[in-house]
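Analysis of the macromolecular model
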Amino acid sequence: MRGKVYIVGAGPGNFELLTLKAYRILNEADVILYDRLVGEEIESYIKSLRDKEVIYVGKERGEKGERRQQEINRLMKKYASEGKVVVRLKGGDPGVFGRLAEEMEFLFQNNIPFEVVPGVSSVNAAPVYSNIPLTHPEAGFGFLVVSGRDTRRLSELAKSGTLVVLMGGCTAKEVASNLMESGINPETEVAVIERGSFEDQRVTFSTVRGLTELENDFTSPALIVVGGVVKLAKKYSRLIGLDKIRDRKI
Ligand SMILES: C[S@@+](CC[C@H](N)C(=O)[O-])C[C@H]1O[C@@H](n2cnc3c(N)ncnc32)[C@H](O)[C@@H]1O
């Protein structure tokens, strides 16, 4: 008998942002393979479930992604061919910088039945938890999500919409310099959101230029929102709790 793999988005880390479907499938699973970004609360929860194998497969710092991915593929295949229900649990939404295509291709090639369950992405959750709408009739006509590892080729797109940079928290200075070189107005507002949706979420407001002058001391995971919509958040910021906000406009 063949098993099945569910590729499930765990949301941005806050337990209540786990979907009902993800919650049900976690409870039905035999094996859970989970990533670093699922968050501490969800990690404790899955570890507390009975009669399941719960295996951490997150990447360690500096580790090559390829090797880790091969190991994850091996585990998915092993357990599915034993007839087990496997949950491959990822942070946020599996379709956003989550190697979804590679894992689906592997499962398809190996004839392993699978289903993808979307999750709440940090792209949506972290800005909203910081009172930042990603679109606005005047301040942001659309939004663009990119990886902080490749911000040199942006220019026109970033000029009048909202830009969300994932994986740029520890290289925020370089991201900001690349944006200025790409022609973005240096006075454009930015918000760096650390641990979005967690209890200890923190938001730092600055400008693109200001970000080039700040220390890269942001706690992981962090994302950067760039654009006029960030101004709106400041208006509501006392509702978030001032202790969680840093205004670092330079
Ligand atoms: C490899 S990407 C995975 C994104 C994930 N699939 C999603 O939809 O959120 C990891 C990056 O997502 C961002 N991220 C994930 N969770 C976050 C959170 N709770 N708060 C802020 N940024 C987060 C960070 O930029 C982090 O470096």
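In this text the structure is predicted, and so the values were computed from the model without any measurement.

**So, the domain arrangement of the protein**
Domain boundaries assigned for the protein yield domain 1 (4-120) and domain 2 (123-247). Taking only C-alpha atoms into account, the centre of domain 1 sits 28 Å from that of domain 2. With twelve residues of domain 1 at the contact, the number on the domain 2 side is 14 residues. Both sides together, the interface formed by domain 1 and domain 2 hides about 920 Å², and carbon and sulfur atoms give 64% of it. Counting the surface domain 1 buries against domain 2, the share from its top three residues, Pro12, Asn14 and Phe97, is 45%. Taken together, the connections running from domain 1 to domain 2 amount to one salt bridge. Of the charged contacts, one joins arginine 195 and glutamate 40 as a salt bridge, the two residues approaching to 3.2 Å between their closest N and O atoms. For the interface between domain 1 and domain 2, the tally reads three residue pairs in polar contact (both at pLDDT 80 or more). Each residue belonging to the side of domain 1 that touches domain 2 can be placed in one class, and the counts come to six nonpolar, three polar and three charged.

**Let's talk about the packing of aromatic side chains**
Summed over all chains, the structure comprises three aromatic pairs. Where phenylalanine 15 meets tyrosine 45, the ring centres are 5.2 Å apart and the plane angle is 70°; that geometry is what we call edge-to-face. Here phenylalanine 15, found in the loop between β1 (4-9) and α1 (20-28), pairs with tyrosine 45, found in helix α2 (residues 40-48); they are 30 residues apart in sequence, far enough to count as distant. Tyrosine 45 sits in the buried class, given a relative accessible area of 17%. Members of the aromatic cluster, each reached through a chain of ring pairs, are Phe15, Tyr23 and Tyr45. When the ring centre of tyrosine 79 is taken as origin, the NZ or CZ atom of lysine 78, which lies over that ring, is 4.4 Å away.

**Structural notes on the packing of helix α3 (residues 65-81) against helix α4 (residues 100-109)**
Relative to each other, α3 and α4 sit at 40°, their axes nearing to 11 Å. As the angle between them shows, α3 and α4 are arranged oblique. Where α3 crosses over α4, the handedness of that crossing is right-handed. Mapping the contact onto sequence places Gln69, Ile72, Asn73, Met76 and Lys77 in α3 and Glu103, Phe106 and Leu107 in α4.

**Describing the site of the ligand**
With respect to spatial proximity, 18 residues lie near the ligand, and among them Val96, Ser121, Ser122, Gly196 and Ala222 are the closest. Taking glycine 91, its main chain carries an N or O atom lying 3.0 Å from a nitrogen atom of the ligand. At 2.5 Å from an oxygen atom of the ligand is found a main-chain nitrogen or oxygen belonging to alanine 222. In isolation the ligand exposes 570 Å². Once the protein is present, 90% of that is buried. Here the shell around the ligand is built from residues that sort into eleven nonpolar, five polar and two charged. Summarising the domain contributions, the shell around the ligand has at least three residues from each of domain 1 (4-120) and domain 2 (123-247).

Rules and cut-offs
Residues numbered from 1 in each chain as written. Predicted model: local features only at pLDDT ≥ 70, side-chain atom pairs only at ≥ 80, totals over all residues. Heavy atoms only, no water. Domains from an automatic or database assignment. Contact = heavy atoms within 4.5 Å. Buried area = accessible area lost by both parts, 1.4 Å probe. Salt bridge = Lys/Arg side-chain N within 4 Å of Asp/Glu carboxyl O. Polar contact = N/O pair within 3.5 Å; in protein donor to acceptor, adjacent residues only side chain to side chain. Nonpolar A, V, L, I, M, F, W, Y, C, P; charged D, E, K, R; others polar. Phe/Tyr/Trp six-rings, centres within 6.5 Å; stacked < 30°, edge-to-face > 60°. Helix = DSSP H or I, 4+ residues; strand = E, 2+ residues; numbered from the N terminus. Buried < 20%, exposed > 50% of the residue type's maximum accessible area, 1.4 Å probe, protein only. Lys NZ or Arg CZ within 6 Å of the ring centre and 35° of its normal. Axes fitted to C-alpha atoms, helices over the stretch in contact; angles between N-to-C directions. Parallel < 35°, antiparallel > 145°, perpendicular 65-115°, else oblique. Left-handed = near helix turned anticlockwise from the far one by under 90°. Near = heavy atom within 4 Å. Areas by Shrake-Rupley, 256 points an atom, 1.4 Å probe, with all protein chains shown as cover.

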